[in-house]
Amino acid sequence: MKGTLELHEIVDRYIHKLVALHEVFPYQMTMAAVVAHKSAEKHKKFLDENAEKIEEDEEKTAYKLDSKYFGRSSRLGRRSDRAKTVLDLLPRNFVVSYVSEYDSFLGQLITQILKFKPEIVDSKDKSISLSDLVNLGSVEAARDKIFAKEVESILRSSHADQFCWMEKAFSIPLTKGLRKV
């Protein structure tokens, strides 16, 4: 029963984190858009007040600026550009967060499953030195170290390879019907 509860907790924590990311994303994008808009407005206002418009079209405006205002205008322009850049970065950062959470979840899940079914780890390829065993202090600690190395090896592989490993190790079809990319 304890093992089942731990699997349940691992899955619940993972789903909780995914939902949290999903719920906060629109707010972060909205805030980033507001900051980008305000930064651009502040720079434009500064230019309108301190520079002479020399050319304007639908896409951009050119200004003639006195050198004494150049530093401030440059700082405001860079701040506005950085704020716009965040609008491009945030979606990618959220994807990275989703993938990171998946990797963490998969590592915890496989570790827990290996505790239930240690025969999944092909023991003929795994060994531990006597000195390591003595330093670790117990067979359980040695087993955990072998499991940790196995999980690390799995997590370092591609997601496609991870699914292939899980299909083989757990004898369940996970990619059946999916097209290869």
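In this numbering scheme, every chain counts its residues from 1 along its sequence in written order. pLDDT decides what is reported in this predicted model: residues at 70 or higher carry local features, side-chain atom pairs at 80 or more are listed and counted, and totals for whole chains, interfaces and linings draw on all residues regardless. For the side-chain quantities, the full set of heavy atoms in the structure was used; hydrogens and water were omitted.

Student: Can you help me understand the packing of helix α2 (residues 70-116) against helix α4 (residues 139-156) in this one?
Tutor: Each pair of packed helices can be described by the angle between their axes along with the distance between the axes. Each axis is a line fitted through C-alpha atoms, taken for helices only over the stretch in contact, and angles between the N-to-C directions span 0 to 180 degrees. For the purposes of this entry, the term helix denotes a DSSP run of H or I that reaches at least four residues, the term strand denotes a run of E that reaches at least two, and both are numbered from the N terminus. Running from N to C, α2 and α4 cross one another at 140°; their axes reach a closest spacing of 10 Å. What the angle tells us is that α2 and α4 run oblique. Crossing of α2 over α4 shows right-handed handedness. Only Asp144, Phe147, Glu150, Val151, Ile154 and Leu155 of α4 make contact with α2, whose side of the interface consists of Asp103, Leu106, Gly107, Ile110, Thr111, Leu114 and Lys115. Polar here means any residue other than Ala, Val, Leu, Ile, Met, Phe, Trp, Tyr, Cys and Pro, which are nonpolar, and Asp, Glu, Lys and Arg, which are charged; Gly is therefore polar. Class assignment for the residues of the contact of α2 with α4 results in seven nonpolar, two polar and four charged. Note on angle classes: values under 35 degrees are labelled roughly parallel, values over 145 roughly antiparallel, values of 65 to 115 roughly perpendicular, and the remainder oblique. By definition, any crossing whose near helix is turned counterclockwise from its far helix by less than a right angle is left-handed, and any crossing with a clockwise turn is right-handed. By definition, residues are in contact when any of their heavy atoms lie within 4.5 Å.

Student: Would you mind going over empty space enclosed by the protein with me for this structure?
Tutor: If you roll a probe as big as a water molecule over the atoms, it shows you where there is empty space left. Cavities and pockets were defined on a 1 Å grid built from protein atoms only: a cavity is a group of points that admits a 1.4 Å probe but offers it no way out, a pocket is an open group of points flanked by protein on both sides within 12 Å along at least five of seven lines, and a lining residue is one with an atom within 4 Å of any such point. Grid points are joined across faces, edges and corners, and a volume is the space filled by probe spheres set on the points. The tally for this structure, following the rule as stated, stands at one cavity of 30 Å³ or more. Surrounding the largest cavity, Ile10, Arg13, Tyr14, Lys17, Glu101, Ser104, Phe105 and Gln108 form its lining. When residues of the lining of the largest cavity are traced back to their parent elements, those giving at least two are α1 (2-50) and α2. Classifying every residue of the lining of the largest cavity by side-chain character gives three nonpolar, two polar and three charged.

Student: Explain unusual backbone geometry to me, please; I cannot follow it from the model alone.
Tutor: Glycine aside, a negative phi is what most residues show, and trans is what most peptide bonds show. Backbone geometry at serine 171 places phi at a positive 55°, although glycine is not the residue there. Topologically, serine 171 is positioned in the segment after α5 (159-170). Relative accessibility thresholds used throughout: buried, under 20% of the residue-type maximum; exposed, over 50%; partly exposed, between the two (1.4 Å probe, protein chains only). Residue classification places serine 171 among the exposed positions, given a relative accessible area of 63%.

Student: I would appreciate a short explanation of the layout of surface pockets in the present structure.
Tutor: Estimated volume of the largest pocket: approximately 430 Å³. Forming the boundary of the largest pocket are 18 residues, of which His43, Lys44, Leu47, Thr61 and Tyr63 lie nearest the centre. Put simply, the parts of the chain that give the lining of the largest pocket at least two residues each are α1, β2 (61-65) and α2. With six residues, α1 is the largest single contributor of residues to the lining of the largest pocket.

Student: Please clarify how a negative patch on the surface should be interpreted in this entry.
Tutor: Together, Glu55, Asp57, Glu58 and Glu59 line one region of the surface with negative charge. By the secondary structure assignment, glutamate 58 is in the loop between β1 (51-56) and β2. On the accessibility criterion, glutamate 58 (85% relative accessible area) is exposed. Residues enter a patch when their relative accessible area is above 30% and they make no salt bridge; the linking distance is 9 Å between like charges and 5 Å between nonpolar side chains (Val, Leu, Ile, Met, Phe, Trp, Tyr). Working definition of accessibility: Shrake-Rupley area with a 1.4 Å probe, residue cover restricted to the visible protein chains. Any carboxyl oxygen of Asp or Glu within 4 Å of a side-chain nitrogen of Lys or Arg constitutes a salt bridge here. Neither His nor the chain ends contribute to the count of charged residues, in which Lys and Arg are positive and Asp and Glu negative. In plain terms, the charge of a residue is placed at NZ if it is Lys, CZ if Arg, CG if Asp and CD if Glu.

Student: Would you take a moment to explain the side chain of histidine 43 for this structure?
Tutor: For histidine 43, the location among the structural elements is in helix α1. Note on histidine 43: relative accessible area 16%, which makes it buried.

Student: Got a minute to help me understand the packing of α2 against α5 in this structure?
Tutor: Contact geometry for α2 and α5: axes closest at 13 Å, N-to-C directions at 20°. Here α2 lies roughly parallel to α5, going by the angle between them. Note that α2 runs across α5; the crossing there is left-handed. Mapping the contact onto sequence places Val99, Tyr102, Asp103, Leu106, Ile110 and Ile113 in α2 and His159, Gln162, Phe163, Trp165, Met166 and Phe170 in α5. Per-class residue counts for the contact of α2 with α5 are nine nonpolar, two polar and one charged.

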